[in-house]
Amino acid sequence: MIWPFENDTSAIIKNMAQKSIAFDKKKNLFCISAIVVAVAMIMMSLLTVQNIIHQNQNEVSGLHQGIFFDITQKDKENLSSEEGVQSIGLSCNIKTVEQNSKELSLIYYDDTMFNLIPDFEGKYPEQSNEIAVTDAFFEGENVPAKINTTIQLNLDGTVKKYTIVGIYHDQDASAYPVFVSFAKCQELRGNDLLNGYVWLENADTFTKDEAEELLSQISENTGLKDWTVSSYYDYVNAGLSVSNYAAYIVLAGILFLAAALVIYSIFYISVGQKVAEFGQLRTIGASKKQIYKIVLKQGYILVSPGILIGSIVGTIISYCLQSKGWSVFAFAVSLCGASLFGILLVYISVRKPARIAANVSPIAALKNQVETINYRSHKRHRITPAYLAKISFFRNRKKSVLTILSMGLCGIIFFFAASYQSSFNAESMARYWDIRHGDFKISVDLENDSENLDAVLRKEYFSDLNRNIATMDGVRNVFTYATLPAEFSTSNDVADETLLMGYNEKDMDSLTTAIVSGNITEIGNTVTFNFKNNSGKTITKTFKIGAITSSNDGMGGYIFRMPEKMMHELVGYDCTYAIEVQTEPESIQEAENKIRSLIAGNDEVSLQTLQDFTKEHQEDNQAGFTLAYIISAILWVFAVINQINLTVTNLLSQKQEMGTLKSIGMTNKQLEQSFMIEGLFNTGISLFMTIIIGIPGGYMIGTFLEKAGMSTGFVFPTRAFLLFVTVMLLLEVLMTILLIHSWKKQSVIEIMRN
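Quick caveat: nothing in here was measured; it's all calculated off a predicted structure.

What follows concerns the overall build of the protein chain. What the protein chain contains, in helices and strands, is 25 helices and 20 strands. For the protein chain, the proportion of its 754 residues judged to be buried stands at 45%. Put simply, of all contacts in the protein chain between residues at least 6 apart along the chain, 80% involve residues at least 24 apart. Here the protein chain has roughly 38,600 Å² of accessible surface; of this, 55% comes from carbon and sulfur atoms.

This is how it looks when you write it as structure tokens:
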């Protein structure tokens, strides 16, 4: 604010700031580079996440809001008459069959569901011998890709002729849906029960709780008790969760600190070099406030191109990562967030150097007493390259400390990322969560609804399979896992569906070590279960809680455990849902081939190996490794900018001093050694800082991973750390050599003239 009695010097301040910017191109390059990197990362992360959310919202815009399971055509009519129901579609995922190395998913859709399929050609299947397929289905088939083509398929155990009456033009070759008629669906399933997908009127105006309340009322009115809310409301009103905000705060904090160190260091060094200039301005009448504004204005001039370039770069990276779901609103919000981040970054970073410049007195500036050295205290020391490096380091303590902090922060984050990757063990994770004892696991899908799972378990498929596998050559042991679908209720009115998990001798160690005290219920309380026996009759039993365990007891996070033998006695059949096969190392491949031949043709079970689970966990965690290394690479860029700036500034500010030393006999080799030792000293301290903080932090990461079943303990990242040390040392050496080399072409007189 300009008071009426003050002169408006804003134009003069702006002009002086612009001239200073034009003169110091090195400072401009380093500052803009730091701003660009920081703003680009913020822009990219904000825009990418919002685009993903927007894409998910677009994809579910036509999605149903509720599902009623196992209903009939008559039930559909009753649901359609309910208030608030817009439409209902019937569908059924019947089963999967293998045909010509393709897994065909047999599906029934009624007219409502078919109308939702885009780019559908032909008609919907009506007769038992009619089907509809996708474009990808025709790959590998010796039939023309057109309507009314006849093809032979084995969909029900017998090869029959089917007429293709419809084609869904979808190029996705990873799935092969085959749509059948209602008559064929009844034939394959043996009943007329389907799943009803419900669209509500004005669904987008509801919250998930409101939709759930409406569907619950519809359920009571129609008597259809088995229903659920779809994932529609998980996306349509989705925003950033608390964990998202926490991740953004951590990422922004790290970037802010790293970039602020760079910009602060650059302006601090620049101010130190212009002490005489600021003193002259004070001598001719410039106030502290005006000096402060000149330095601050320089930062604001640099922030504009930094934000512009950073926003463009961040937008391009975001588009490469997420090309779908873009919106003007998301871009505008991201741009505002990135711009605000850039402005705050520069303002906070430049404020302190601007105050230092404003507080320079004319007398101190004229005497050039800023950061001077009393050489008398050094008169008894022999002048060597190492001693000169020591003098230079302590003369520029603050500049050196800023650079060391920047490189140290980069090293610490890199060490954490490397410790995470080196300590992570995908096989340990597979052993902890998926396949605890064997080399192979044969199982049914526990994600089946309770009715289907109960029906599959009552077939007792694993009884014979267990005996056949146990007698194979090379098989050491076979471990069984049992479960029982049930409904439970407690004395404090908690009720839900669950899976009772069985345990036997192999599970006792993990259960014993996981025993804790509970909060939801206590030892001695009772729980009532409803489950079906081998004849399908519902049995009600009440049990007393004998122990409470933590979630790492090896039972997959399910609530209740029961001895496997007791479970079999209660229901009268073998409740095994999975077996693990442990083999001799030399017999693994042979055993796998035999097991696959045993389960061939059974679509209700699947075979997975330890290698399959290990590969899956490795791929799932690869994104985490990549993100950690990206963050450390960004910080490394900031550290390099700081390192280059300090080295270049030291060389330029000491040219006259070095020229004097050369004039009295100092060689180029000794000069090079002096700057090399100083640079390596800075790098060495930052590496020491990395070790002191990084190793305890890495150990904590390894311990955390071990407790989560993702590691066997902390593993020192030897290769990654040696690579980091080598790169940092080589960078300093090469940078110093190149800069000193440029001096060798100049005479002593030219160097002393600066």
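Here we take up the packing of helix α10 (residues 288-321) against helix α11 (residues 328-358). Remark: α10 packs on α11, axes separated minimally by 8 Å, with the N-to-C direction vectors making an angle of 150°. By the angle between their directions, the pair α10 and α11 is classed as roughly antiparallel. For the pair α10 and α11, the crossing hand works out as right-handed. Its residues assigned to classes, the contact of α10 with α11 shows 17 nonpolar, five polar and three charged.

Across all of its chains, the model carries two cavities of 30 Å³ or more by this definition. Of the pockets and cavities examined, the second largest cavity occupies roughly 30 Å³. Along its surface, the second largest cavity is lined by K27, F267, S270, V271, K274, F278, V295 and Q298. Elements with a contribution of two residues or more to the lining of the second largest cavity: α8 (242-273) and α10. Per-element accounting of the lining of the second largest cavity gives the leading share, three residues, to α8. Here the lining of the second largest cavity is built from residues that sort into four nonpolar, two polar and two charged.

To continue, consider a negative patch on the surface. Taken together, the side chains of D70, D226, E487, D496 and E497 make up a negatively charged region of the molecular surface. Mapping D226 onto the fold places it in the loop between α6 (208-222) and β10 (227-229). What makes D226 partly exposed here is its relative accessible area of 37%.

Our next topic: a nonpolar patch on the surface. There is a patch of nonpolar side chains on the surface, built from L308, I309, I312, V313 and I316 and spanning about 430 Å² of accessible area. Mapped onto the elements, V313 comes out in helix α10.

Moving on, we get to the pairing of strand β8 (residues 176-180). Counting buried positions along β8 gives five out of five residues, so the element sits mostly inside the fold. In this sheet, β8 lies alongside strand β3 (residues 102-109) in parallel orientation, the contact comprising five bridges. Bridging across to β8, L106 finds its partner in V178.

Despite not being glycine, D70 has its phi angle at roughly 50°, a positive value. By secondary structure assignment, the location of D70 is in strand β1 (residues 66-71). Taking the relative accessible area as the measure of exposure, D70 reaches 30% and is therefore partly exposed. Even without being glycine, N148 reaches a positive phi, approximately 70°.

This brings us to the pattern of salt bridges. Oppositely charged side chains can form a pair if their charged atoms are brought close together. For the structure shown, the criterion picks out ten salt bridges. A salt bridge links R476 to E584, with the shortest nitrogen-to-oxygen separation between them at 3.2 Å. Placement of the pair is R476 in strand β12 (residues 475-490) and E584 in the loop between β19 (576-583) and α20 (588-599), with a sequence separation of 108 residues. According to the relative accessible area criterion, R476 is partly exposed, its value standing at 48%.

By the criterion of burial, β12 is predominantly enclosed, with twelve of the 16 residues buried. Bridge count between β12 and β19: seven bridges; the pairing is antiparallel. Paired with V478 across the bridge in β19 is V581.

Tallying each qualifying case throughout the model produces 20 aromatic pairs. Aromatic side chains Y109 and F114 sit 5.7 Å apart centroid to centroid with 75° between the ring planes, which places their arrangement in the edge-to-face category. Here F114 falls in the buried class, since its relative accessible area comes to 1%. Aromatic pair F529 and F543: ring centres 5.9 Å apart, planes at 55°, arrangement tilted. With a gap of 14 residues between them, F529 in strand β15 (residues 526-532) and F543 in strand β16 (residues 538-544) connect regions that are remote in the sequence. Through a chain of ring-to-ring contacts, three or more aromatic side chains come together here, namely Y109, F114, F120, Y124 and F179. Looking at R436, its charged tip hangs above the ring of Y432, at a distance of 5.9 Å from the centre. A cation over a ring is seen here: K441 above Y481, with NZ or CZ 5.5 Å from the ring centre.

Here we come to helix α1 (residues 10-23). At 3.6 residues per turn, the α-helix brings residues three or four places apart onto the same side. Its 14 residues place the ends of α1 20 Å apart at the C-alpha level, agreeing with the 20 Å of an ideal helix rising 1.5 Å per residue. Every buried residue of α1 is listed here: I13, A17, S20 and I21. Burial along α1 is one-sided: seen end-on, the buried residues are contained in an arc of 100°. Among the exposed residues of α1, those oriented more than 90 degrees off its buried face are A11, I12, K19 and F23. On the buried face of α1, the contacting elements are α2 (25-59) and α10.

Further remarks concern the packing of α1 against α2. Between two packed helices, what matters for the description is the angle formed by their axes and the separation of those axes. With their axes 5 Å apart at the nearest point, α1 and α2 run at an angle of 90° to one another. Classed by the angle they form, the pair α1 and α2 counts as roughly perpendicular. Side by side, α1 and α2 meet where S20, I21, A22 and F23 of the first sit next to K25, K27 and N28 of the second. Partitioning the contact of α1 with α2 into residue classes produces three nonpolar, two polar and two charged.

Scoring rules and cut-offs
Residues numbered from 1 in each chain as written. Predicted model: local features only at pLDDT ≥ 70, side-chain atom pairs only at ≥ 80, totals over all residues. Heavy atoms only, no water. Helix = DSSP H or I, 4+ residues; strand = E, 2+ residues; numbered from the N terminus. Buried < 20%, exposed > 50% of the residue type's maximum accessible area, 1.4 Å probe, protein only. Contact = heavy atoms within 4.5 Å. Areas by Shrake-Rupley, 256 points an atom, 1.4 Å probe, with all protein chains shown as cover. Axes fitted to C-alpha atoms, helices over the stretch in contact; angles between N-to-C directions. Parallel < 35°, antiparallel > 145°, perpendicular 65-115°, else oblique. Left-handed = near helix turned anticlockwise from the far one by under 90°. Nonpolar A, V, L, I, M, F, W, Y, C, P; charged D, E, K, R; others polar. 1 Å grid on protein atoms, 1.4 Å probe; cavity = no way out; pocket = protein on both sides within 12 Å on 5 of 7 lines; lining within 4 Å. Points joined across faces, edges and corners; volume = space filled by probe spheres on them. Patch = residues over 30% accessible without salt bridge, like charges linked within 9 Å, V, L, I, M, F, W, Y side chains within 5 Å. Salt bridge = Lys/Arg side-chain N within 4 Å of Asp/Glu carboxyl O. Lys, Arg positive; Asp, Glu negative; His and termini not counted. Charge placed at Lys NZ, Arg CZ, Asp CG, Glu CD. Pairing = 2+ DSSP bridges. Phe/Tyr/Trp six-rings, centres within 6.5 Å; stacked < 30°, edge-to-face > 60°. Lys NZ or Arg CZ within 6 Å of the ring centre and 35° of its normal. Expected span 1.5 Å × (residues − 1). Arc of directions from axis to C-beta.

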